[in-house]
Amino acid sequence: MTEADDKAAVSRSFPCPDCKKPLRRIEGKMGPFWGCSGFPECRRTLNDVEGKPSEKVDEHYRCPICTRRMVRAAPEKGDYWFCSGFSRGCKITLKDHNGRPEPAFRCPSCGQLLAKRKGKNGEFWGCSGYPDCSSSFNDLDGKPDL
Ligand SMILES: [Zn+2]
Ligand SMILES: [Zn+2]
Ligand SMILES: [Zn+2]
């Protein structure tokens, strides 16, 4: 790489919030993220949000199991989102909720998704691993009371 290429790469990049060295986009096992080029001196990492480093987690658009990006299915296939890790064995799909994947929560005992169910005493969250896993949680403002 020439010095000019190097400068071009740096001007397109984002500085580390800690040490101001450029951040690098890294394809991790759990999806892309940004790490500091000053590694290992600086171990700062940031989440990848729409291709840019951010401290925010766009959790509505992430697979709740493997944290890869959720992708909206083609309209003719229906109103749902699927995990971009599909070809790598993650079969998670989430219903569409006003243009976003429906929030999903993991069972703290077995790591599978919780599903909202209707019971005699109102709505609750049961583990999708039922009957192998019988965890269930009360509903608290649309979220499981973990
Ligand atoms: Zn840094
Ligand atoms: Zn996934
Ligand atoms: Zn479970």
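These numbers come from a predicted model, not from an experiment.

> Which residues make up the coordination of the zinc ion (ligand 2), and what values go with them?
A metal bound by six donors in octahedral fashion has ideal angles of 90 or 180 degrees, whereas one bound by four tetrahedral donors has an ideal angle of 109.5 degrees. Looking at the metal site, the zinc ion (ligand 2) is ligated by Cys63 (SG), Cys66 (SG), Cys83 (SG) and Cys90 (SG), spaced 2.2 to 2.3 Å from it. Around the zinc ion (ligand 2) sit four donor atoms; with metal-centred angles ranging over 98 to 121°, the donor geometry is tetrahedral. The sequence pattern describing where the donors of the zinc ion (ligand 2) fall on their chain is C-x2-C-x16-C-x6-C. Here the residue Cys66 occupies a position in the loop between strand E4 (52–54) and strand E5 (70–72), and Cys90 occupies one in the loop between strand E6 (80–83) and strand E7 (93–97), the gap between them amounting to 24 residues. Just as Cys66 is buried, Cys90 falls in that class too.

> Which residues make up the sheet that holds strand E8 (residues 100–101), and what are the values?
Taken in spatial order, the four strands line up as E5-E6-E7-E8 in an open sheet, and their pairing is antiparallel. Looking at which strands have only one partner, the edges of the open sheet turn out to be E5 and E8. Where E5 and E6 come together, three bridges link them in antiparallel fashion. Looking across to E6, one finds that Val71 is bridged to Phe82.

> With reference to specific residues and values, describe the coordination of the zinc ion (ligand 1).
The coordination sphere of the zinc ion (ligand 1) contains the protein donors Cys16 (SG), Cys19 (SG), Cys36 (SG) and Cys42 (SG), at a distance range of 2.2 to 2.3 Å. Given four donor atoms and angles of 96 to 121° at the metal, the environment of the zinc ion (ligand 1) is assigned as tetrahedral. Between the donor residues of the zinc ion (ligand 1), the gaps in sequence give the motif C-x2-C-x16-C-x5-C. Residue Cys19 is found in the loop between helix H1 (3–11) and strand E1 (23–28), and its partner Cys42 is found in the loop between strand E2 (31–36) and strand E3 (45–49); the two are separated by 23 residues along the sequence.

What counts, and where the lines are drawn
Residues numbered from 1 in each chain as written. Chains lettered and ligands numbered in written order. Predicted model: local features only at pLDDT ≥ 70, side-chain atom pairs only at ≥ 80, totals over all residues. Heavy atoms only, no water. Donors = N, O, S within 2.8 Å, 3.2 Å for Na, K, Ca; no water. Tetrahedral: all angles 85-135°; square planar, octahedral: opposite > 155°, others 65-115°. Helix = DSSP H or I, 4+ residues; strand = E, 2+ residues; numbered from the N terminus. Buried < 20%, exposed > 50% of the residue type's maximum accessible area, 1.4 Å probe, protein only. Pairing = 2+ DSSP bridges.

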